[in-house]
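Structural overview for review
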Amino acid sequence: MRVTLPHTLTKDEVRRRMHKHAGEIGSFFPAGLARVTTDWPSEDRMSITAEVIGQAIPGGVEIRDHEVVIEMDLPLLLSVMKAPLEAAVRKEAGRLLAP
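This text gives an overview of the structure that appears in the document. In this text the structure is predicted, and so the values were computed from the model without any measurement.

Our next topic: the overall build of the chain. The secondary structure content of the chain amounts to three helices and five strands. The N-to-C order of helical and strand elements in the chain reads β-α-β-β-β-β-α-α. Compactness check: the chain gives a C-alpha radius of gyration of 13 Å against a globular reference of 13 Å for 99 residues, within 12% of the reference. C-alpha atoms of the chain, sized along the principal axes, occupy 35 × 20 × 20 Å. Looking at the chain as a whole, 38% of its 99 residues are labelled buried. Pairs at least 24 apart in sequence give 48% of the contacts found in the chain among residues at least 6 apart.

Below, the structure written as structure tokens:
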């Protein structure tokens, strides 16, 4: 699954906002459905692992000059939910860039 969020911010500002809001990613899912952990392996990449219904979903967020790209590797069991998950991420992920 891949979702792209365009932005007009500097990369430094995107990083600052994403660090501020990274702890909110778990709230993108219905309450109690997912446990989310994040890590920053580089300054422009945040790794995400969401555990949903016992399935680990690895992914990441890449900060680019004019967009943020969110990718999650859905396991086969959850691939049938790809479209609703993409819609939810598009709707909620804008909060990562909120001031």
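Once you've had a look at it, read on.
Let us now look at the pattern of salt bridges. Pairing between side chains of opposite charge can happen when the charged atoms of each approach one another. In this structure the tally under the stated criterion is 12 salt bridges. Across the pair Arg-15 and Asp-44 runs a salt bridge, and its minimum N-O distance is 2.8 Å. Of this pair, Arg-15 sits in helix H1 (residues 11-21) while Asp-44 sits in the loop between strand S2 (34-42) and strand S3 (45-52); the two residues are 29 residues apart in sequence, bridging distant segments of the chain. The pair formed by Arg-15 and Asp-44 is uniform in burial state, with each residue classed as buried. Within the structure, one salt-bridge network assembled from shared partners comprises Lys-11, Asp-12, Arg-15, Glu-43, Asp-44 and Asp-65.

Attention now goes to the nonpolar core. Counting residues in hydrophobic clusters, the biggest one holds 27 residues, and the most contacted among them are Met-18, Val-68 and Ile-70. It is S3 that contributes the most residues to this core, four residues altogether.

For Asp-73, the position within the fold is in the loop between strand S5 (67-72) and helix H2 (76-79). Taking relative accessible area as the criterion, Asp-73 reaches 53% and is therefore assigned exposed. Considered as a pair, Asp-73 and Ala-56 are 17 residues apart in the sequence and their alpha carbons are 9.3 Å apart. Other than its neighbours up to four places away in sequence, Asp-73 contacts Ile-57 and Pro-58.

What follows covers the side chain of Arg-17. Note that Arg-17 resides in helix H1. A residue is classified by how much of its surface remains accessible, and Arg-17, at 14% relative accessible area, is buried.

Scoring rules and cut-offs
- Residues numbered from 1 in each chain as written.
- Predicted model: local features only at pLDDT ≥ 70, side-chain atom pairs only at ≥ 80, totals over all residues.
- Heavy atoms only, no water.
- Helix = DSSP H or I, 4+ residues; strand = E, 2+ residues; numbered from the N terminus.
- Rg over C-alpha atoms; globule rule 2.2 N^0.38 Å.
- Buried < 20%, exposed > 50% of the residue type's maximum accessible area, 1.4 Å probe, protein only.
- Contact = heavy atoms within 4.5 Å.
- Salt bridge = Lys/Arg side-chain N within 4 Å of Asp/Glu carboxyl O.
- Core = buried A, V, L, I, M, F, W, Y, C linked by side-chain atoms within 4.5 Å.

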